[in-house]
Amino acid sequence: MQSLAGRYGLIAGVFLLSQTMLPSSPAFANKVYVSNEKGNTVTVIDSETWEPITEFPAGNRPRGIGISPGGDHLYVCASDDDTIKVFDAQTYEFLWSLPSGPDPELFVISPDGSKLYVSNEDDNLVTVVDTQKRTIVAEVPVGVEPEGMAISPDVRFVVNTSETTNMAHFIATEDYQIKHNILVDQRPRYARFTNDGRTLYVSSEIGGTVSVIDMLGETGPELTGKISFEVSGVQPEWLQPVGMRITSDNKWLFVALGPANRVAVIDTASNEVVRYVLVGQRVWQLDFTPDEKYLLTTNGNSNDITVIDVASQEAVKSIQVGQQPWGVVVAPD
């Protein structure tokens, strides 16, 4: 039988080998921006060299992070400052703040970049912000502890998930009224539409499931199933689905499983888990590079991000960032 030291040596050798597997010059070089919740910074990474470029102050408790469709402006939820800070995406210069309501956590950007839809955890609101006028357009009361935000591809609905009410709320963008409410499992954290708009996935952190919602139901959105997770050697309570991303061909759903330190790979044709990818500690949010060759994960307790090769569904690199990375976004082409 191989000794324990020998086995760990083999694992270390495989990990070191994996560091050389990632090509140094992908087809597109894009900046990667990572919000560091406890470090109060954003780390910027060059995706051609996979090396950190810089780290800059981003307010108190930066969490949700996004970039304008043209790639000019970086938006960061400075949750403890009760504002969204706007930075020049190239120079990292602070430009201005947007009113966001108290304790902004996550937001989604309209496809034309004109509006941000922001979840305000403390006040049980979704705040709609005009990015050009820098004003609040509407405040929509939702369930208790709103967090996840998604916008349908046809821009008809914005979806908010409320952690304590355990619901997905469907807000019409036309009049900012809630048209549907769907009960999901405990502590829903994130929502994601397929790119054809037919299906919505909602992750429930404590419930340990991803709810599958059919957007083409006879009377509106309809819950049609739930995806659960099981990893040998991992306690069930550690399998906490949070961030999600779907490939543009709608074939693969990737789900961050929090303290399980895994990303689940789901075949959307069957909604079955086909693989678990081992990443860093407490994996939280995800984003693709524009060519979808790579998926990046933020790992809050190991203070790094993991680069996953999408085709092989393997982790190929780890990059150290700031303290407790939370969100990640990659600049568009």
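See the structure printed just above.
About the criteria used
- Residues numbered from 1 in each chain as written.
- Predicted model: local features only at pLDDT ≥ 70, side-chain atom pairs only at ≥ 80, totals over all residues.
- Heavy atoms only, no water.
- Phe/Tyr/Trp six-rings, centres within 6.5 Å; stacked < 30°, edge-to-face > 60°.
- Helix = DSSP H or I, 4+ residues; strand = E, 2+ residues; numbered from the N terminus.
- Buried < 20%, exposed > 50% of the residue type's maximum accessible area, 1.4 Å probe, protein only.
- Lys NZ or Arg CZ within 6 Å of the ring centre and 35° of its normal.
- Pairing = 2+ DSSP bridges.
- Core = buried A, V, L, I, M, F, W, Y, C linked by side-chain atoms within 4.5 Å.
- Contact = heavy atoms within 4.5 Å.
- Axes fitted to C-alpha atoms, helices over the stretch in contact; angles between N-to-C directions.
- Patch = residues over 30% accessible without salt bridge, like charges linked within 9 Å, V, L, I, M, F, W, Y side chains within 5 Å.
- Areas by Shrake-Rupley, 256 points an atom, 1.4 Å probe, with all protein chains shown as cover.
- Salt bridge = Lys/Arg side-chain N within 4 Å of Asp/Glu carboxyl O.
- Lys, Arg positive; Asp, Glu negative; His and termini not counted.
- Charge placed at Lys NZ, Arg CZ, Asp CG, Glu CD.

Draft legend 1. Layout of the packing of aromatic side chains. Overall, the coordinates contain seven aromatic pairs when judged by the stated rule. With a centroid separation of 6.4 Å and 85° between ring planes, the pair formed by Tyr75 and Phe107 is classed as edge-to-face. Of this pair, Tyr75 sits in strand 5 (residues 73–78) while Phe107 is found in strand 8 (residues 104–109), placing the two residues 32 residues apart along the sequence. Comparing Tyr75 with Phe107, the two get one shared label, buried. Three or more aromatic residues link up through ring pairs in this structure, and these residues are Phe56, Phe87, Tyr92 and Phe94. The ring of Phe94 is capped by Lys85, whose NZ or CZ atom sits 4.8 Å from the centre of that ring.

Draft legend 2. View of the pairing of strand 17 (residues 199–204). For strand 17, a buried count of six out of six residues is recorded, marking the element as mostly surrounded by other parts of the structure. Here strand 17 shows a buried face lined by Thr199, Tyr201 and Ser203 and a second buried face lined by Leu200, Val202 and Ser204. Bridge analysis of strand 16 (residues 188–193) against strand 17 gives five bridges, and the strand direction is antiparallel. Within strand 17, the position partnered with Arg192 by the bridge is Tyr201.

Draft legend 3. Molecular detail of the nonpolar core. Judged by nonpolar contacts, the single largest core of 21 residues is most densely connected at Tyr201, Phe229 and Val255. Of all the elements in the fold, those that place two or more residues in this core are strand 18 (209–214), strand 20 (244–246), strand 21 (252–256) and strand 22 (262–267). Apart from residues lying up to four places away in sequence, Val255 is in contact with Val210, Phe229, Pro241, Val242, Gly243, Met244, Arg262, Val263, Ala264, Ile266 and Leu286. Within the second largest apolar cluster, 14 residues are counted, among which are Val44, Leu74, Ala89 and Ala331.

Draft legend 4. Geometry of the side chain of Asn160. Checked against the element boundaries, Asn160 lands in strand 13 (residues 157–162). We classify Asn160 as buried; its relative accessible area is 0%. Those residues in contact with Asn160 that sit more than four places away from it in its chain are Ser119, Val126, Val142, Pro146, Glu147, Gly148, Met149, Met167, Ala168 and His169.

Draft legend 5. Structural detail: the sheet that holds strand 2 (residues 41–46). Reading across from one edge, 3-2-1-28 is the order of the four strands in this open sheet, with antiparallel pairing throughout. Lying at the two open borders of the sheet, with one neighbouring strand each, are strand 3 (51–57) and strand 28 (325–330). Each strand axis lies, on average, 20° off the axis of its neighbour in the sheet, ignoring direction.

Draft legend 6. Looking closely at a negative patch on the surface. Judged by side-chain charge, Asp80, Asp82, Asp122, Asp123 and Glu139 come together as a negatively charged surface patch. Its place among the elements puts Asp122 in the loop between strand 9 (115–120) and strand 10 (125–130).

Draft legend 7. Inspection of the pattern of salt bridges at higher detail. Summed over the entire model, instances satisfying the criterion amount to 15 salt bridges. Residue Arg189 is joined to Glu105 by a salt bridge in which the shortest nitrogen-to-oxygen separation is 3.8 Å. Separated by 84 residues along the polypeptide, Arg189 in strand 16 and Glu105 in strand 8 bring together distant segments of the chain. Assessed through its relative accessible area of 5%, Arg189 is described here as buried. We classify Glu105 as buried; its relative accessible area is 1%.

Draft legend 8. Representation of the environment of Gly101 within the structure. Among the secondary structure elements, Gly101 is positioned in the loop between strand 7 (94–99) and strand 8. Taking C-alpha positions, Gly101 is 9.2 Å from Ile84, a pair spaced 17 residues apart along the chain. Dropping the residues within four chain positions of it, Gly101 is found in contact with Asp82, Asn120, Thr127 and Ile136.

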